[in-house]
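Coordinates in review
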Amino acid sequence: QKEVEQDPGPLSVPEGAIVSLNCTYSNSAFQYFMWYRQYSRKGPELLMYTYSSGNKEDGRFTAQVDKSSKYISLFIRDSQPSDSATYLCAMSAPSGTYKYIFGTGTRLKVLA
Amino acid sequence: EAGVAQSPRYKIIEKRQSVAFWCNPISGHATLYWYQQILGQGPKLLIQFQNNGVVDDSQLPKDRFSAERLKGVDSTLKIQPAKLEDSAVYLCASSLPGQGTGTQYFGPGTRLLVL
């Protein structure tokens, strides 16, 4: 079993839809949860990070962490064609190295 | 603020040849990471430097991969000899240690194709 599981997609939605992206994990020591967006042929770009459980909102993006279920989500409201990218979740445990474990990424396509 | 710089952006080599990638982190970032991202997968950490010391190289195939970070600033990752399965994107990232999550900022990557 992988430490972090993420559905690779692809996920196609119409413009304006609410998108839900998810990851599950097995390591209960993870405390930091990140979402990165990666456009084709570009490096990952940090979108959101959350510490421990709870919600965090930034514009059209909302990150949720449910540590009891070992499940994290990223919601995108009013999705735009420019949101078409691969979304990677990453997690780390509190330690001096802050080692990130990434999911495989979910490819999202928002159709105009 | 300038981001993480990497070069070259693309490289095509034949198997058994050697190749080197260069990374310059964000100014002031003491921690530098090299990741390997195979098509359809998430990035996998190869090596992590704190200043010019290695703190994690547990997933670096040391028989063929090497990395150095002289003077604690820019870094070079080398593969010698390359294998077909080394075809991937090599990403460099940097972070400020102790900055909460140690948030990592990525460069554009070097896309390697081994024929």
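What you see is a predicted model; the values in this text were computed from it and never measured.

Further remarks concern the interface of chain B and chain A. Every contact between the two is made by 26 residues of chain B and, on the other side, 18 residues of chain A. Buried area between chain B and chain A, summed over both chains or domains, comes out near 1800 Å², and the portion from carbon and sulfur atoms is 53%. Inspection of the region where chain B meets chain A yields one salt bridge. Where D56(B) meets K99(A), a salt bridge forms, and the shortest distance between an N and an O atom there is 3.7 Å. Along the contact surface separating chain B from chain A lie four residue pairs in polar contact (both at pLDDT 80 or more). Elements with a contribution of two residues or more to the side of chain B that touches chain A: strand 4 (31–37), strand 5 (44–50) and strand 6 (53–56) of chain B.

Let us now look at the side chain of Q104(B). Residue position: Q104(B) is located in the loop between strand 9 (88–95) and strand 10 (105–106). Aside from chain neighbours lying at most four places away, what touches Q104(B) is Y36(A), Y98(A), Y100(A), Y33(B), Y35(B), A93(B), S94(B) and S95(B).

Taken together, I12(B), L113(B) and L115(B) make up a surface patch of nonpolar side chains, about 300 Å² in accessible area. Turning to its location among the elements, I12(B) is positioned in strand 2 (residues 10–13).

The space that makes up the largest pocket amounts to roughly 740 Å³. Lining the largest pocket are 32 residues, and of these Q38(A), T86(A), L39(B), G40(B) and R111(B) sit closest to its centre. Going through the elements one at a time, strand 9 (85–92) and strand 11 (106–111) of chain A together with strand 9 and strand 11 (110–114) of chain B are the ones with two or more residues in the lining of the largest pocket. Of all the elements, strand 11 of chain B adds the most residues to the lining of the largest pocket, at four residues. When the residues that make up the lining of the largest pocket are grouped by side-chain class, the tally is 14 nonpolar, 12 polar and six charged. The computed volume of the second largest pocket comes to approximately 360 Å³. Residue assignment for the lining of the second largest pocket shows that the elements contributing at least two residues are strand 10 (101–102) of chain A together with strand 5 of chain B.

Criteria and cut-off values
Along each chain, the written sequence defines residue order, and numbers are assigned to residues from 1. Chains and ligands are labelled by the order in which they are written, letters from A for the one and numbers from 1 for the other. For this predicted model, a pLDDT threshold of at least 70 governs which residues receive local features, and a threshold of 80 or more governs which side-chain atom pairs are given and counted, while totals over whole chains, interfaces and linings are taken from all residues. Side-chain measures here rest on the full set of heavy atoms in the structure, leaving out hydrogens and waters. Here a residue-residue contact requires only that any non-hydrogen atoms of the pair lie within 4.5 Å. Accessible area that two parts lose when put together, with a 1.4 Å probe and added across both, is what the buried area reports. One side-chain nitrogen of Lys or Arg within 4 Å of one carboxyl oxygen of Asp or Glu is enough to make a salt bridge. In the analysis that follows, any N or O atom pair within 3.5 Å is treated as a polar contact, provided that within protein one partner can donate a hydrogen and the other can accept it, and provided that, for residues neighboring in sequence, both atoms belong to side chains. Numbering of helices and strands starts at the N terminus; helices are DSSP runs of H or I of at least 4 residues and strands are runs of E of at least 2. Distance thresholds for patches are 9 Å for like charges and 5 Å for nonpolar side chains (Val, Leu, Ile, Met, Phe, Trp, Tyr), applied to residues having over 30% relative accessible area and no salt bridge. Throughout, the Shrake-Rupley method with a 1.4 Å probe supplies accessible areas, and for residues the shown protein chains are the sole cover considered. A cavity here means a set of 1 Å grid points, computed over protein atoms only, where a 1.4 Å probe fits but cannot escape. A pocket is an open set with protein on both sides within 12 Å along at least 5 of 7 lines, and lining residues have an atom within 4 Å of a point. Grid points are joined across faces, edges and corners, and a volume is the space filled by probe spheres set on the points. Charged residues are taken to be Asp, Glu, Lys and Arg, nonpolar residues to be Ala, Val, Leu, Ile, Met, Phe, Trp, Tyr, Cys and Pro, and polar residues to be all remaining types, Gly included.

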